[in-house]
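Residue-level listing of the chains:
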Amino acid sequence: MNKQSDTNGNLDAESKNPLEEEFDLTPTAWTILGFLSLQPRSGYEIREAAKRSVHFFWGVSDGQLYPQLKVLESLKLIEAPHGAEGPRSRQRWQLTARGREALRSWLAAPSAHIQIRDENLVKFLFASLEGPEFLLHLIRERRASFEWFRNTMEAVQPGSFWDDPENASRLTGPAMLKRYGIEFAETVLNWCDQAEEALLSDPNTSSLNSERK
């Protein structure tokens, strides 16, 4: 079923796919459908693709991956038409037409509100009264973490592990996600620079003058 969209590109709620309500899939299951929409993959290939891409912001449980493949197969959302393949006898899964419709319903459904688990940020809340050196430590710790994250994002080559990398390069979503990751990291790094400068310039933290780089 094709979704109708308004002039702003918003999907029409009246065209809601009944598959959205029919299946109550886990986050891991939806991610499996997403990866299989790009190309057929074995369970191992899905796991490795997740490690290269979504694990920074969307958990894919190794313990759930293979059981969820069986669940999706039982729901006739995926299939392995060629059975076990290759020297390791791995099944290569692909979406069924029903699976692609289910995926489209998930893509069109409202996304959950963003939740961030960030221990470094939590520590900022409690560090002030313990001394400015703790804040400085947290800022520099955060900078190092996001420098690593930015370098990791810059090294990503979207589609390089696909069966047809030339065709994969024409899909804009992975490239947009890479750019988002890099710009997000650069924004945080800019904040770290400003926060450290403000902390070292504060007359109430003169004890940190020896820490100025």
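What you are looking at is a predicted structure, and each value in this text was computed from that prediction instead of being measured.

Let us look at the overall build of the protein. Across its full length, the protein holds nine helices and four strands. Tracing the protein from N to C terminus, the helices and strands come up as α-α-β-α-α-β-β-β-α-α-α-α-α. Relative to all contacts within the protein whose residues are 6 or more apart in sequence, the contacts with residues 24 or more apart total 58%. Surface accessibility of the protein: about 14,000 Å² in total, with carbon and sulfur atoms responsible for 53%.

Moving on: helix α9 (residues 172-201). The end-to-end C-alpha distance of α9 is 43 Å, a good match for the 44 Å that 30 residues give at a rise of 1.5 Å each. Listing the buried residues of α9 in full gives K178, G181, I182, A185, V188, L189, C192, A195, E196, L199 and L200. Looking at the buried residues of α9, the elements they touch are α7 (132-155).

Turning our attention to the environment of N190. Tracing the backbone shows N190 in helix α9. Using a relative accessible area of 41% as the deciding quantity, one classes N190 as partly exposed. In sequence terms N190 and R143 are 47 residues apart; their C-alpha atoms lie 9.0 Å from each other.

Running from amino to carboxyl end, α7 crosses α9 at an angle of 160°, the nearest separation of the two axes being 9 Å. Put simply, α7 runs roughly antiparallel to α9. Classified by chirality, the crossing of α9 by α7 is left-handed. Looking at the contact of α7 with α9 residue by residue, the class counts come to 17 nonpolar, one polar and ten charged.

Here the focus is the confidence of the model for the protein. In this model, the protein carries an average pLDDT of 83, and 78% of its residues clear a pLDDT of 70 or more. Ranking the helices and strands of the protein by mean pLDDT puts strand β2 (residues 78-79) first, with 96, and helix α1 (residues 19-22) last, with 59. Taken as a whole, residues 1-9 scores under 50 in pLDDT and shows 20 contacts with residues more than four places along the chain or in a different chain. Throughout residues 12-17 the model reports pLDDT below 50, and contacts reaching past four residues in sequence, or to other chains, amount to eleven contacts.

Calculation rules
- Every chain begins its residue count from 1, and numbering advances along the sequence as written.
- Where totals are concerned, whole chains, interfaces and linings use all residues; where local detail is concerned, this predicted model gives features only for residues with pLDDT of at least 70, and gives and counts side-chain atom pairs only at 80 or more.
- Heavy atoms from the whole structure form the basis of all side-chain values; hydrogens and water molecules are not counted.
- Comment: elements are numbered from the N terminus, with helices defined as DSSP H or I runs of at least four residues and strands as E runs of at least two.
- In what follows, a contact means two residues having at least one pair of non-hydrogen atoms within 4.5 Å.
- Residue-level accessible areas treat just the shown protein chains as cover; the underlying method is Shrake-Rupley with a 1.4 Å probe.
- How far a helix is expected to stretch is found by multiplying one less than its residue total by 1.5 Å.
- Accessible area is worked out with a 1.4 Å probe on protein chains only. A residue is then buried under 20% of its type maximum, exposed over 50%, and partly exposed in between.
- Between the N-to-C directions of two axes lies an angle of 0 to 180 degrees, each axis being a line fitted to C-alpha atoms and, for a helix, fitted only over the stretch in contact.
- Any angle between 65 and 115 degrees counts as roughly perpendicular, while under 35 counts as roughly parallel, over 145 as roughly antiparallel, and the rest as oblique.
- Working rule for handedness: look at the near helix, and if it is turned counterclockwise from the far one by less than a right angle, call the crossing left-handed; if clockwise, right-handed.
- Any residue that is not Ala, Val, Leu, Ile, Met, Phe, Trp, Tyr, Cys, Pro, Asp, Glu, Lys or Arg is counted as polar, Gly included; the first ten are nonpolar and the last four charged.
- Known as pLDDT, the predictor's confidence for each residue is given on a scale from 0 to 100.

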